[in-house]
Amino acid sequence: MNNQQTPLLLHPGYFLNIANFVAIAKNNVCWEVNDNYQKQTYRNRTYISADIGKLMLNIPIKHVGKDKGKQKYKDVKIENDYAWQRQHWRTLETAYRTSAFFEFYEDEIAPFYEKKHNFLLDLNLESTALICDCLQIDIPEKKTTIFEKQPTNSIDGRFLISSKNKINFNQENYFQVFNDRNSFIENCSILDLLFNEGSNALSYLQNQNLDFINA
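Residues numbered from 1 in each chain as written. Predicted model: local features only at pLDDT ≥ 70, side-chain atom pairs only at ≥ 80, totals over all residues. Heavy atoms only, no water.

What is the right way to look at the overall build of the protein chain in this model?
Assigned secondary structure in the protein chain consists of six helices and five strands. Ordered by position from N to C terminus, the α and β elements of the protein chain give β-α-β-β-β-α-α-α-β-α-α. Relative to a compact globule of 215 residues, whose C-alpha radius of gyration would be 17 Å, the protein chain shows 17 Å and is just as compact. Its C-alpha atoms put the protein chain at 45 × 45 × 30 Å along the principal axes. Counting the 215 residues in the protein chain, one finds 54% classified as buried. (Helix = DSSP H or I, 4+ residues; strand = E, 2+ residues; numbered from the N terminus. Rg over C-alpha atoms; globule rule 2.2 N^0.38 Å. Buried < 20%, exposed > 50% of the residue type's maximum accessible area, 1.4 Å probe, protein only.)

It is not clear to me how the layout of surface pockets should be interpreted in this structure. Could you clarify?
To locate leftover empty space, one rolls a probe as large as a water molecule over the atoms. As a volume, the largest pocket reaches approximately 310 Å³. For the largest pocket, the lining is made up of 17 residues, of which His11, Asp35, Gln38, Arg43 and Ile161 are closest to its centre. Of the residues that constitute the lining of the largest pocket, the class distribution is three nonpolar, seven polar and seven charged. (1 Å grid on protein atoms, 1.4 Å probe; cavity = no way out; pocket = protein on both sides within 12 Å on 5 of 7 lines; lining within 4 Å. Points joined across faces, edges and corners; volume = space filled by probe spheres on them. Nonpolar A, V, L, I, M, F, W, Y, C, P; charged D, E, K, R; others polar.)

Explain the sheet that holds strand S2 (residues 29-31) to me, please; I cannot follow it from the model alone.
Two strands in a sheet stick together by hydrogen bonds in their backbones, pointing the same way (parallel) or opposite ways (antiparallel). Read across the open sheet, the three strands follow the order S2-S1-S5; overall the sheet is parallel. Two strands close off the open sheet at either side, each with one partner strand: S2 and strand S5 (155-156). In this sheet, S5 lies alongside strand S1 (residues 8-10) in parallel orientation, the contact comprising two bridges. Across the sheet, the residue bridging to Leu9 is Asp156, located in S5. (Pairing = 2+ DSSP bridges.)

Could you clarify how one ought to interpret the nonpolar core in this entry?
Nonpolar side chains in soluble globular proteins generally cluster together in the buried interior. Judged by nonpolar contacts, the single largest core of 65 residues is most densely connected at Tyr14, Phe15, Phe21, Trp31, Ile109, Tyr113 and Leu205. For this core, the element with the most residues is helix H4 (residues 120-135), which contributes nine residues. (Core = buried A, V, L, I, M, F, W, Y, C linked by side-chain atoms within 4.5 Å.)

How should I be thinking about the pairing of strand S3 (residues 45-50) in this particular structure?
Two faces make up the sheet, and in a regular strand the side chains alternate between them. Within S3, six of the six residues are buried, which leaves it mostly tucked inside the rest of the structure. Of the two faces of S3, the one lined by Arg45, Tyr47 and Ser49 and the one lined by Thr46, Ile48 and Ala50 are each fully buried. Here six bridges tie S3 to strand S4 (residues 53-58), and the two strands are oriented antiparallel to one another. Looking across to S4, one finds that Tyr47 is bridged to Met56. Between S3 and S4, which follow one another and run antiparallel, lie two residues.

How should helix H3 (residues 102-109) be read in this particular structure?
An α-helical turn contains 3.6 residues, so any two residues separated by three or four positions project in the same direction. All of the buried residues in H3 are Phe102, Tyr105, Glu106 and Ile109. Here the buried residues of H3 occupy an arc of 130° about the axis, which is enough to place them on one side. Seen from the buried face of H3, the exposed residues on the opposite side, beyond 90 degrees, are Glu103, Phe104 and Asp107. (Arc of directions from axis to C-beta.)

In this structure, what is going on with the pattern of salt bridges? I would like to understand it.
Under the criterion given, the structure shown has eight salt bridges. The salt bridge involving Glu106 is made with Arg97; its shortest N-O contact spans 3.1 Å. Of the residues examined, Glu106 reaches a relative accessible area of 17% and is grouped as buried. Among the charged side chains, a salt-bridge network with shared partners connects Glu32, Asp156 and Arg158. (Salt bridge = Lys/Arg side-chain N within 4 Å of Asp/Glu carboxyl O.)

Would you take a moment to explain unusual backbone geometry for this structure?
Negative phi is the rule for most residues except glycine; trans is the rule for most peptide bonds. The backbone phi angle of Gln136 is positive, close to 60°, even though this residue is not glycine. Looking at the element boundaries, Gln136 is found in the loop between H4 and S5. By relative accessible area, which is 72% here, Gln136 ends up exposed. A positive phi is found at Asn187, a non-glycine position, where the angle reads about 50°. Along the chain, the position of Asn187 falls in the loop between S5 and helix H5 (190-197).

Have a look at this one:
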């Protein structure tokens, strides 16, 4: 990656999907940390490939009253009264225990689900750092200092955080655990790629293209 290239603005998310990690692996990324929180995004959800097909893992958050207006992403707190971490880890174990590389990464990822996080943004940055470590790349350190609706000195990739929008991403298929009963599930969590492809995951990411950037 060329550190002199124009920064690509991305939102941190929960074990981000493959499209986001293609962007991370191939660009000089700056994290958007001054935006308002929005629902139905990959900020607090991710999708995996399970025996029943595409399955969502959702992090419960504490909602503020409407009278308090919009909430900053960095101020959003996680609802830890519900044992969501245990549920997510058990679901990952069930889905990927038989994958080629689950046991290889298990000892790195399991402690993440044993640690209590209070703020969603902190958890998401940590999940991204964990994956970057597994991929043996540096996690982007640059963060925004102000919010710009129309960024002036960066490429805007923030739309990749939306779980509602269909993106133009012609993704190459790879082996998924339940491909004998399900067709290929596109743009899953990076965990799906990591558990199935292992050390080949980084070269896979570097060989994919997102049409909105010259990556």
